[in-house]
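Spelled out, the chains give:
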Amino acid sequence: MVTRYKIKTLTEFIIERQSEYPHAKGALTRLLNDIATAAKIVNREINAAGLVDILGYEGKENVQGESQKKLDVFANEQFITALKGGAECCAIASEENEKIISFQNEFSELGKYVIAIDPLDGSSNIESNVSIGTIFSIYRRKTEVGEGGKNVDILQPGINQVAAGYVIYGSSTMLVYTTGKGVNGFTLDPSVGIFCLSHPDMAFPKEGKIYSINEGNYIYFYEGLKKYIKYCQEIDKETSRPYTSRYIGSLVADFHRNLISGGIFLYPGSKKSPSGKLRLLYECNPMAFIAEQAGGKASDGYNRIMEIEPETLHQRSPLFVGPKSMVEKAEEFIQEYDG
Ligand code: AHG
Ligand code: MN
Ligand code: MN
């Protein structure tokens, strides 16, 4: 006989979890639902990307001087539209916009939350049909309700996050998120367009066997990191070395694989770019929150990512994230040799 289990949908799950927060009035629930809805629309477009005229460049550059792909722009618009109309979110900081987008309408001005978002992560992989993602981070606003959100509402350290998550548009599409009580993953059933709980209580394996880094930049790495890479490649049965090297070039996809299979992701500072490449507010902090909630660790080599005080919207930070033991080993090398 085939045993059938009742499927729990994302909506059911977040409503159920809302009762764990005694003062919650459902605003965060609605916010997560809005994000999930926009993610489904983005997913639909990504799936059809080869068929419609949406691959390729938009012809503009974003604030980091990177060419915007059409899908970057499309995804950005979808998330902004989904969040603008509601009474939950008063501002968004997006990778694709130089300044925050402050929602100035009678509903949104009452919103208690702000969102930092990377609408499309790993855009260089779009053309080749490789996994890409969306990363988001939610904070409670600092200013009083009644006006659009301001920079101070967004410029908060990661420890203030109330929720964070990512969507991976991969061989299947998943939404993974935390509100500070563990990490749960939902897979999109494309036939009905519903995210279903598929990965409850996600946690990093204690010890990993994967290291993920763009080794093409080796020549620019500092000494400690070079030594750590050699450490990953040495033979040692007890610690399952040499590790396997895996690098997709989409933070979401690399992180997701490492969370499931056990591995460390590294995007270091280097002689070429001392602060690395990844952005603190909408790449490092949300991944750090998820990592810690999954029993892992996230560091810039010296400090806990979530304790860094942000000064600017698009500020970058080195990122070392994964199982605690692996991140601590990388930190040891960096701190010993790189000062
Ligand atoms: P985005 O597409 O949002 O600009 O992010 C790309 C990021 C990140 O996803 C990935 O980990 C990293 O860039 C890859 O960078 P390299 O190509 O330098 O390895
Ligand atoms: Mn990104
Ligand atoms: Mn992006």
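This text follows the structure it describes.
(A) Local environment of the overall build of the protein chain. For the protein chain, the helix and strand inventory stands at eight helices and 15 strands. Computed over its C-alpha atoms, the radius of gyration of the protein chain comes to 20 Å, within 12% of the 20 Å expected for a compact globule of 339 residues. Based on the C-alpha atoms only, the size of the protein chain along its principal axes is roughly 60 × 60 × 45 Å. Looking at the protein chain as a whole, 54% of its 339 residues qualify as buried. Split by element, the accessible area of the protein chain, about 15,500 Å² in all, is 50% carbon and sulfur. Of note, the protein chain has its 37 positive side-chain charges centred 3 Å away from the centre of its 43 negative side-chain charges.

(B) Layout of the pattern of salt bridges. According to the stated counting rule, one finds 16 salt bridges in the structure shown. The residue K297 makes a salt bridge to E328 at a minimum N-O spacing of 3.2 Å. With K297 in strand β14 (residues 296-299) and E328 in helix α8 (residues 324-337), the pair connects residues that are 31 residues apart, well separated along the chain. The partly exposed category is assigned to E328, whose relative accessible area is 35%. With a closest N to O distance of 3.3 Å, K329 and E332 form a salt bridge. Separated by three residues within a single helix, K329 and E332 lie in helix α8, roughly one turn from each other. When its relative accessible area of 47% is taken as the criterion, E332 is described as partly exposed.

What counts, and where the lines are drawn
- Residues numbered from 1 in each chain as written.
- Chains lettered and ligands numbered in written order.
- Predicted model: local features only at pLDDT ≥ 70, side-chain atom pairs only at ≥ 80, totals over all residues.
- Heavy atoms only, no water.
- Helix = DSSP H or I, 4+ residues; strand = E, 2+ residues; numbered from the N terminus.
- Rg over C-alpha atoms; globule rule 2.2 N^0.38 Å.
- Buried < 20%, exposed > 50% of the residue type's maximum accessible area, 1.4 Å probe, protein only.
- Areas by Shrake-Rupley, 256 points an atom, 1.4 Å probe, with all protein chains shown as cover.
- Lys, Arg positive; Asp, Glu negative; His and termini not counted.
- Charge placed at Lys NZ, Arg CZ, Asp CG, Glu CD.
- Salt bridge = Lys/Arg side-chain N within 4 Å of Asp/Glu carboxyl O.

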